[in-house]
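Here is what each chain is made of, one letter per residue.
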Number of protein chains: 2
Amino acid sequence: MAALILHEYARSGNCYKIRLTAAHVGAALERREYDIMKGETRTPEYLAAVNANGRIPTLQVGERFLPESNAACFYLAEGSALIPADPFEQADMLRWMFWEQYNHEPNVATLRFWHGWIGEANFSDLQKTLHPVKREAGAAALKLMDDHLAARDFFVAGRFTLADIALYPYTAACEEGGFRLADYPHVQAWLARVEAQPGHVRAEE
Amino acid sequence: MAALILHEYARSGNCYKIRLTAAHVGAALERREYDIMKGETRTPEYLAAVNANGRIPTLQVGERFLPESNAACFYLAEGSALIPADPFEQADMLRWMFWEQYNHEPNVATLRFWHGWIGEANFSDLQKTLHPVKREAGAAALKLMDDHLAARDFFVAGRFTLADIALYPYTAACEEGGFRLADYPHVQAWLARVEAQPGHVRAEE
């Protein structure tokens, strides 16, 4: 396999997903840190060479660049037990990964960022307006997960897959955005199961 | 293959993606229409049986249900030429599909819906506040596509793949949301290439 370089901001849950996948499949990642608070992913050099979308993470594979956290996880996990071989189960795994990026991350992760990096006292008018909207949508996403996990140990195929890895980081950190894990007991039990997987690595503070 | 039923709202670009994929791979779809303007995807029956997330599309495969448009496209296209076999190219295809759901659809598709279904005169205060934000983000997404396509015929692997199918419907309809295709000449040329593919089917009005 070509050399792997993770262009990241270590505290981002989207970057943590990729490190977690790499740990589970035994892939070695070189890491390059960018300070998103200083605009280091919006420089002309970064936009031209790493990701025209100006975001972390991007996984570099030899001379090629792969943005989008869940696509990078998929690349690292190809051929491993983290991706079910059954066609429906593989698509169902992707279903949860698309759902994560559409319904979960823009709410649960964004509120974590707003509270932890910007601070309520510094919210813009737009952030003040959107806060209750994202809070309600984030709570709905966590509730949907809780309902799904009421009768299941993992999201798809009865076992630990990339769907669990994609959903783990921002769910585990949701209290930083003002959500209460105690409201979602099946989610709490699932978080513990993910953490008990051999090869699990913790988030970085 | 088990019987395939598409639970849809035909004018949704996310549903059109699935019909387009099915046409390209020759899969027969039974179709069930729901009026999203009348809340038909939020009934207790729909939430319990089809999609707990209360959205269309959902692809039913025998007795199983697969929400998320891009996951349904992936399922239909598995084993076909629409999904590159090369691991990096397959992940790169997914990269554009995740990008579509995160950066493109919430802006370009949402503005089409707001303008075409709600009407500017009926915008809520929140919609009025978000309109310029989504307009700027949508324009940035179309610009990123235009730049990417300046030197390429298709998004990934030098040929027509699911990435093109995922990005086609809402891009083709972007003028309904107030964007101007003439501002994105490489996108316009790519739309024509997608439409020239054997097996292409048009959107429904």
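Residues numbered from 1 in each chain as written. Chains lettered and ligands numbered in written order. Predicted model: local features only at pLDDT ≥ 70, side-chain atom pairs only at ≥ 80, totals over all residues. Heavy atoms only, no water.

(A) Inspection of the pairing of strand β3 (residues 58-61) of chain B at higher detail. Residues and elements named next belong to chain B. The side-chain alternation of β3 yields two buried faces, one formed by T58 and Q60 and the other by L59 and V61. In this structure, strand β1 (residues 4-8) lies alongside β3, joined through 4 bridges in antiparallel fashion. Note on β3: the bridge partner recorded for I5 is Q60. Where β3 meets strand β4 (residues 64-67), 4 bridges bridge the pair, whose relative direction is antiparallel. Residue pairing for β4: T58 is matched across the bridge by P67. In this structure, the hairpin formed by β3 and β4 is closed by a connection of 2 residues, where G62 is found at a positive phi of approximately 65°. (Buried < 20%, exposed > 50% of the residue type's maximum accessible area, 1.4 Å probe, protein only. Helix = DSSP H or I, 4+ residues; strand = E, 2+ residues; numbered from the N terminus. Pairing = 2+ DSSP bridges.)

(B) Focus on the pattern of salt bridges. This structure, assessed with the given rule, holds 24 salt bridges over all chains. With a closest N to O distance of 3.0 Å, K17 of chain B and E100 of chain B form a salt bridge. Here the residue K17 of chain B occupies a position in helix α1 (residues 13-25), and E100 of chain B occupies one in helix α4 (residues 87-118), the gap between them amounting to 83 residues. Accessibility classification places K17 of chain B together with E100 of chain B in one group, the buried group. With a closest N to O distance of 2.9 Å, D147 of chain B and K143 of chain B form a salt bridge. Residue D147 of chain B and its partner K143 of chain B are located together in helix α5 (residues 125-149), separated by 4 residues, close to a single helical turn. Looking at K143 of chain B, the relative accessible area reads 43%, which means it is partly exposed. Connected via shared salt-bridge partners are E8, R19, R31 and E204 of chain A. (Salt bridge = Lys/Arg side-chain N within 4 Å of Asp/Glu carboxyl O.)

(C) Focus on the sheet that holds β3 of chain B. Residues and elements named next belong to chain B. Strand order in this open sheet of 4 strands is β2-β1-β3-β4, and the pairing throughout is mixed. The open sheet has two edge strands with one neighbour each: β2 (30-33) and β4. The sheet shows a mean angle of 20° between the axes of neighbouring strands, taken without regard to direction. Strands in contact with α1 are β1 and β2; relative to β1, the strand with the most contacts, it is inclined by about 160°. Sheet strands in contact with helix α3 (residues 69-77) are β1, β3 and β4, and its direction is about 120° off that of β4. (Axes fitted to C-alpha atoms, helices over the stretch in contact; angles between N-to-C directions. Contact = heavy atoms within 4.5 Å.)

(D) Representation of the relation of the copies chain B and chain A. Mapping chain B onto chain A leaves a residual RMSD of 0.0 Å; the transformation is a rotation of 180° accompanied by 0.0 Å of translation along its axis. The superposition operator between the copies reduces to a two-fold rotation axis. A shared interface surface links the copies, since 100% of the contact residues of chain B are contact residues in chain A too. (Least-squares fit on C-alpha atoms with pLDDT ≥ 70 in both.)

(E) Inspection of the environment of N53 of chain B at higher detail. By the secondary structure assignment, N53 of chain B is in the loop between α2 (44-49) and β3. Judged by its relative accessible area of 14%, N53 of chain B is buried. The spatial distance from the C-alpha of N53 of chain B to the C-alpha of T41 of chain B is 8.9 Å, given a sequence separation of 12 residues. Leave out the neighbours within four places in its chain, and N53 of chain B touches W99, N103 and L144 of chain A together with R42, L47 and E68 of chain B.

(F) Here's a closer look at the sheet that holds strand β4 (residues 64-67) of chain A. On the basis of which strands lie adjacent, the open sheet formed by 4 strands has the order β2-β1-β3-β4 (chain A) and mixed pairing. Each of the sheet's edge strands pairs with one partner strand only, and the pair in question is β2 (30-33) and β4 of chain A. Along the sheet, successive strands turn relative to each other by an average axial angle of 20°, direction set aside. Running at roughly 120° to β4 of chain A, helix α3 (residues 69-77) of chain A makes contact with β1 (4-8), β3 (58-61) and β4 of chain A of the sheet. Along the sheet, α4 of chain B contacts β3 and β4 of chain A; its crossing angle with β4 of chain A, the most-contacted strand, is approximately 40°.

(G) The packing of helix α5 (residues 125-149) of chain A against helix α7 (residues 185-195) of chain A, seen in detail. All names here are of chain A. Close contact between α5 and α7 brings their axes to 7 Å; oriented N to C, the two are set at 75°. With respect to α7, the element α5 is oriented roughly perpendicular. Side by side, α5 and α7 meet where L142, M145, D146 and L149 of the first sit next to P185, H186, V187 and W190 of the second. In terms of residue class, the contact of α5 with α7 is made up of 6 nonpolar, 1 polar and 1 charged. (Parallel < 35°, antiparallel > 145°, perpendicular 65-115°, else oblique. Nonpolar A, V, L, I, M, F, W, Y, C, P; charged D, E, K, R; others polar.)

(H) Region of the structure containing α5 of chain A. Spanning 25 residues, α5 of chain A covers 36 Å between terminal C-alpha atoms, matching the ideal 36 Å at 1.5 Å per step. Maximum bend of α5 of chain A: about 35°, positioned at H131 of chain A, with proline P132 of chain A one to four residues after it. By the burial criterion, the buried members of α5 of chain A are Q127, L130, H131, K134, G138, A141, L142, L144, M145, D146, H148 and L149 of chain A. Packing partners of the buried residues in α5 of chain A comprise α4 (87-118), α6 (162-172) and α7 of chain A together with α5 of chain B. (Expected span 1.5 Å × (residues − 1). Bend = angle between axes of the 7 residues up to and from the residue.)

(I) Quick look at α3 of chain A. Residues and elements named next belong to chain A. Of all 9 residues in α3, 9 are buried, a share of seventy percent or more. Every buried residue of α3 is listed here: S69, N70, A71, A72, C73, F74, Y75, L76 and A77. Positive phi appears at G79, one or two residues downstream of α3, with a value of about 80°.

Any functional reading would require information that these geometric values do not contain.
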